[in-house]
Amino acid sequence: QVQLVESGGGLVQAGGSLRLSCAASGSIFSIRAMGWYRQAPGKQRELVAVITSGGSTNYADSVKGRFTISRDNAKNTVYLQMNSLKPEDTAVYYCNLDGVATIRNYGMDYWGKGTLVTVSS
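What you are looking at is a predicted structure, and each value in this text was computed from that prediction instead of being measured.

Peer 1: Tell me about the overall build of the chain, and name the residues and values.
Peer 2: The helix and strand tally for the chain stands at 0 helices and 11 strands. For the chain, the sequential pattern of α-helices and β-strands runs β-β-β-β-β-β-β-β-β-β-β. Computed over the C-alpha atoms, the radius of gyration of the chain is 14 Å, within 12% of the 14 Å expected from 2.2 N^0.38 for a compact globule of 121 residues. Considering only C-alpha atoms, the chain reaches an extent of 45 × 25 × 25 Å along its principal axes. Residues counted as buried form 41% of the 121 residues belonging to the chain.

Peer 1: Lay out the environment of Asp61 with the relevant residues and their values.
Peer 2: Considering the arrangement of structural elements, one finds Asp61 in the loop between strand S6 (57-59) and strand S7 (67-72). Judged by its relative accessible area of 64%, Asp61 falls in the exposed class. The sequence separation of Asp61 and Leu20 amounts to 41 residues, and the corresponding C-alpha distance is 19 Å. Among the polar contacts listed, one links the side chain of Asp61 to the side chain of Lys64, at a separation of 3.1 Å.

Peer 1: Kindly report on the packing of aromatic side chains, identifying the contributing residues and their values.
Peer 2: Under the defined criterion, the tally for this structure stands at 1 aromatic pair. Its end group placed over the ring of Tyr94, Arg45 keeps NZ or CZ at 3.8 Å from the ring centre. Geometry around Trp111 places Arg45 over its ring, the cationic atom sitting 4.9 Å from the centre.

What counts, and where the lines are drawn
Residues numbered from 1 in each chain as written. Predicted model: local features only at pLDDT ≥ 70, side-chain atom pairs only at ≥ 80, totals over all residues. Heavy atoms only, no water. Helix = DSSP H or I, 4+ residues; strand = E, 2+ residues; numbered from the N terminus. Rg over C-alpha atoms; globule rule 2.2 N^0.38 Å. Buried < 20%, exposed > 50% of the residue type's maximum accessible area, 1.4 Å probe, protein only. Polar contact = N/O pair within 3.5 Å; in protein donor to acceptor, adjacent residues only side chain to side chain. Phe/Tyr/Trp six-rings, centres within 6.5 Å; stacked < 30°, edge-to-face > 60°. Lys NZ or Arg CZ within 6 Å of the ring centre and 35° of its normal.

Set out below in structure tokens:
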């Protein structure tokens, strides 16, 4: 019974910035990795960025140098700072938790409902 709360999406002009957040609640013992995916209209869902419990990060080539992912392990929260936004960044962004351990289960995955980011030109 893990629940996710995503926030930070919205409409922004090209060159602007947004900060997405995703907070997980419930009796969570650990989360192996937290990440952000996005899906643009008519396209497949793709990985944007991921961060492990140890702090290692990985980014899609298209966002390197512009986006920064971070996490607060104590709060079970992951953030995505998006700078220099481009119209092609427009998509629904989904929070993903990988390898979640709870009292009853371990190794489960959870997805947020998604938050829309629209970048105007």
